[in-house]
Amino acid sequence: MEKAIKRYFPIFALPTLVAFTIGFIIPFLMGVYLSFCSFTTVVNTKFVGLANYRAAFSDAGFLHALGFTVLFTIVTVLLINLLAFLVAMLLTRKIQGTNLFRTVFFMPNLIGGIVLGYIWQQILNGILSYFDRTLTYSATYGFWGLVILMCWQQIGYMMIIYIAGIQNIPGDVVEAAKIDGAGRWQLLKNVTIPMVMPSITICTFLTLTNSFKLFDQNLSLTAGAPSNNTEMLALNIYNTFYGRVGWEGVGQAKAVLFFLMVTVIALIQLTATRRKEVQQ
Amino acid sequence: MKKRKQLAALGLSLVTAVSVLAGCGGSTPTETKAPAEGAAPAGTEAAKPASGDGEVYFLNFKPETATIWEDVMKTFTQETGIPATVMTAASGTYEQTLKSEVAKTKAPTLFQINGPVGYQSWKDYCLDLKDSKMYELLSDKSLAITDGDGVYGIPYAIEGYGIIANKRIIADYCALDGAKVASIDEINSFAKLKEVAEDMQARKEELGIEGAFASTSFAPGEDWRWQTHLANLPLYYEYKDKGVTDAEELDGTYLPNYKEIFDLYINNSCTKPSLLSSVTVEDSMAEFALEEAVFVQNGDWGWGQILNNNPDMSADDVQFLPIYIGVAGEEKQGVCAGTENYWCINQQVSEANQEATLQFVEWLLTSDSGKDYMVKEMALTAPFTSFGEGETPENPLAKSILDHAAAGRTSVSWAFITMPNQVFKNNLGSALLEYAQGTGDWDGVTKAFVEGWKTEKANPTPE
């Protein structure tokens, strides 16, 4: 058996490996190289060393976008996970129509980000027009608009993961806790949460990286308006790349920095929550 | 039980597939390209054999003509046997689409640049067209983009913009008691325009309109009428005073005039200033077409949009008014006429493809079917000698441009093609919006115009 697996390894793994190399590894390495170059198209480059990185760090817009993104990430990670967990708790009780509710909550996740952005732009502008305001009137509206949009889109998905986690808690553990006289709060704190820790790890990882990398929703909801005050990192990179002639390399350098940031943050988060996981 | 599991598995895999697809849809947001015309249509075999094995691939700039270009390509292939495709970049994304397309093996053979600034970034790709038929046919050789001895970009359409006015409502207004003017012809200066617009706004119930001007659109990506087209006027007059055609630094001499006209637009319109950031160009064209507004600033290309929104709009009811900003002698000022559509042939594609593309352009400019597409379908005012007297588009706005010229008014040239880059325009647009909705002041606009110009013209390219 073992031998057969080894023998057929190339047949099964090769297509994926090739696709991964073409679709990910090569563009990634090219991207890193391009961040040290000045270029207009990717086939016509000139090496300039660290100049792009210096320009990236001296760009006030980039730092503002970083601040905005960090704030947004903190708010959405907390909100999405709390609400998703709450909904998951509700929908794992024996309520009528649980399946229907789960489906309905999950559905927003199936709609593409751009479409969602435009739909929410219409909805929020419609509401705000009663107060003679629009979503892009100030960055505050834009910020909360983005938060609402992200919550609406992501809660259902995270909910499904939490539901799976909650359903996996062995009945005897819960029963034993109850017999020992644990109240609801104690049950939640000492049994449920430790038991669903793997789900929490996954969900925080997903929400953290999703929020940090947010692009589509940002572009279609506010496009950074007013005056780039609601511009997040990914959009800032995009605008840098296409806004000025000769700045493509700076955009690329920002993208590499962006990659490093997301990786470091995600790794820290993974180790932190992993440590809290318990063996069943 | 087993069946159930299978069903669940099927369901899950479907969900995964769908979310993957949804992800894909989301990740290429701005490239809502019209699908390129793939294989040549059936019946091509009967057509004449292709000369060589060249192909034509045009990257189109104007989304409003996307479907027409697909027909053009089909007809061209049928008539000549040369395969031809077109792709249209979504509104406002031409530069980035071009950047990614030229890096492909099958790069566009025909693309367009928006003027001298665009030429600077694409000069490695522009073929010298000095000896081409299209340059020979160009009626005014000074319109082409040249560099040294070479000719690298050829304009294929002359366009004009100004304040499109609804003559019917203006006539109604003139019939009212105490009207400020007796006919539209009396509106020949900023002072008159302001008087009329403010009076119309005050008496909008009487006239059955929502506002004098259609909304000043400021939705993201919809502010080009203000940060580019309107900003052309202070720029044009400053250039004119200094006797230059480009500058590294500006004084902003005419910015107070820019403020005057901008104030007039936002204070006498269908939409409250604080709501402007939700309005699109399409919205304001619809307001004009549905006769909710009397004036809208836009170009002759807007006629199609007007007809789309209101097929009953009569061609006799619309005309251009020049954009008056209160400069001395502006009674003689005409419509802003110029072009930012220059054809370039990609010199980095194979010779066969270049040859085919030259042939394609020649076909467009000289053959009956090609000319028909240019003039009738796309309603372009083509600046080529191959287009005769009767071969002008059925567009009342295009005619209005000619009328103003015939009346001896000097066209305002498109100075905005020398604007440094998109960053400059975007920042100016943001500053205008902040001023309009009251979250910023006019100093912000002045700063974006004068200092923004200086910074972006210097374009500190990292070296």
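Computed from a predicted structure; not experimentally measured.

Peer 1: Help me understand the environment of B:Asp124 in this model?
Peer 2: Residue and element names in this part refer to chain B. In this structure, aspartate 124 sits in the loop between helix H4 (116–122) and helix H5 (133–137). C-beta crowding within 10 Å serves as the criterion here: with 12 such atoms nearby, aspartate 124 is assigned to the exposed category. Once the C-alpha coordinates of aspartate 124 and glutamine 437 are considered, the two residues, 313 residues apart in sequence, prove to be 43 Å apart.

Peer 1: Teacher, can you tell me more about the pairing of strand S5 (residues 150–155) of chain B here?
Peer 2: Each regular strand carries side chains that alternate between the two faces of the sheet. All names here are of chain B. Of all the six residues making up S5, five are buried; the element is thus mostly covered by neighbouring parts of the structure. Where strand S4 (residues 145–147) meets S5, three bridges bridge the pair, whose relative direction is antiparallel. Residue pairing in the sheet places threonine 146 in a bridge with valine 151 of S5. In this antiparallel pair of consecutive strands, S4 and S5, the connection spans two residues, and glycine 148 shows a positive phi of 65°. Bridge count between S5 and strand S11 (residues 342–345): two bridges; the pairing is antiparallel.

Peer 1: Just checking my understanding: could you explain the packing of helix H1 (residues 2–34) of chain A against helix H12 (residues 248–275) of chain A for this structure?
Peer 2: Packed helix pairs are characterised by how far apart their axes lie and by the angle those axes make with each other. All names here are of chain A. Close contact between H1 and H12 brings their axes to 8 Å; oriented N to C, the two are set at 120°. Of the possible angle classes, the one that applies to H1 and H12 is oblique. Handedness of the H1/H12 crossing: left-handed. On the side of H1, the interface is formed by Gly31, Val32 and Leu34, while H12 contributes Gly249, Gln252, Ala255 and Val256. Of the residues assigned to the contact of H1 with H12, the class counts are four nonpolar, three polar and no charged.

Peer 1: Quick question: what am I supposed to make of the environment of A:Leu267 here?
Peer 2: All names here are of chain A. Within the element layout of this structure, leucine 267 appears in helix H12. Looking at leucine 267, the number of C-beta atoms within 10 Å reads 11, which means it is exposed. For the pair leucine 267 and isoleucine 148, spaced 119 residues apart in sequence, the C-alpha to C-alpha distance is 27 Å.

Peer 1: Would you explain the domain arrangement of chain B in this entry?
Peer 2: Interface size is often expressed as the accessible area that is lost when the parts come together. Residues and elements named next belong to chain B. In terms of domains, chain B is made up of domain 1 (46–158 + 339–388) and domain 2 (160–338 + 400–458). Distance from the C-alpha centre of domain 1 to the C-alpha centre of domain 2: 31 Å. Contact with domain 1, which involves nine residues of that partner, is made by 10 residues of domain 2.

Peer 1: What is the right way to read the confidence of the model for chain B from this model?
Peer 2: Caution applies to low-pLDDT parts of the model: their predicted coordinates are not meant to be read in detail. All names here are of chain B. Of the residues in chain B, 88% reach a pLDDT of 70 or more, and the chain-wide mean stands at 85. Looking across chain B, the model is least confident in helix H1 (residues 2–27), with a mean pLDDT of 48, and most confident in helix H11 (residues 255–267), with 95. Here residues 14–50 is a poorly scored stretch, pLDDT under 50, and it has 51 contacts once near neighbours within four places are set aside; other chains count. Of the two predicted TM-score estimates for the complex, the pTM is 0.78 and the ipTM is 0.77.

Peer 1: For this particular structure, what's the right way to read the interface of chain A and chain B?
Peer 2: The partner chain B presents 33 residues to the 40 residues of chain A that form the contact. Every element with two or more residues in the side of chain A that touches chain B is listed here: helix H2 (51–57), helix H5 (113–128), helix H10 (216–221), helix H11 (233–243) and H12 of chain A. The element that contributes the greatest number of residues to the side of chain A that touches chain B is H2(A), accounting for four residues. Among the residues making up the side of chain A that touches chain B, the classes are represented as 16 nonpolar, 19 polar and five charged.

Peer 1: Hey, could you run me through the domain arrangement of chain A in this one?
Peer 2: Annotation of chain A at the domain level lists domain 1 (2–34) and domain 2 (56–275). Of note, the centres of domain 1 of chain A and domain 2 of chain A, computed from C-alpha atoms alone, are 30 Å apart.

Peer 1: Which parts of the structure should I look at to understand H11(A)?
Peer 2: Residues spaced three or four apart along an α-helix point in a common direction, a consequence of the helix completing one turn every 3.6 residues. Counting buried positions over the 11 residues of H11(A) gives nine, a clear majority of the element. Along H11(A), the positions that sit buried rather than exposed are A:Leu233, A:Ala234, A:Leu235, A:Asn236, A:Ile237, A:Tyr238, A:Asn239, A:Thr240 and A:Gly243. Contacts made by the buried residues of H11(A) are with helix H3 (60–91), H10 and H12 of chain A together with helix H17 (422–437) of chain B.

Reading guide: rules and limits
- Residues numbered from 1 in each chain as written.
- Chains lettered and ligands numbered in written order.
- Predicted model: local features only at pLDDT ≥ 70, side-chain atom pairs only at ≥ 80, totals over all residues.
- Helix = DSSP H or I, 4+ residues; strand = E, 2+ residues; numbered from the N terminus.
- Buried ≥ 20, exposed ≤ 12 C-beta atoms within 10 Å, placed from the backbone.
- Pairing = 2+ DSSP bridges.
- Axes fitted to C-alpha atoms, helices over the stretch in contact; angles between N-to-C directions.
- Parallel < 35°, antiparallel > 145°, perpendicular 65-115°, else oblique.
- Left-handed = near helix turned anticlockwise from the far one by under 90°.
- Contact = placed C-beta atoms within 7 Å.
- Nonpolar A, V, L, I, M, F, W, Y, C, P; charged D, E, K, R; others polar.
- Domains from an automatic or database assignment.
- pLDDT = per-residue confidence, 0-100.

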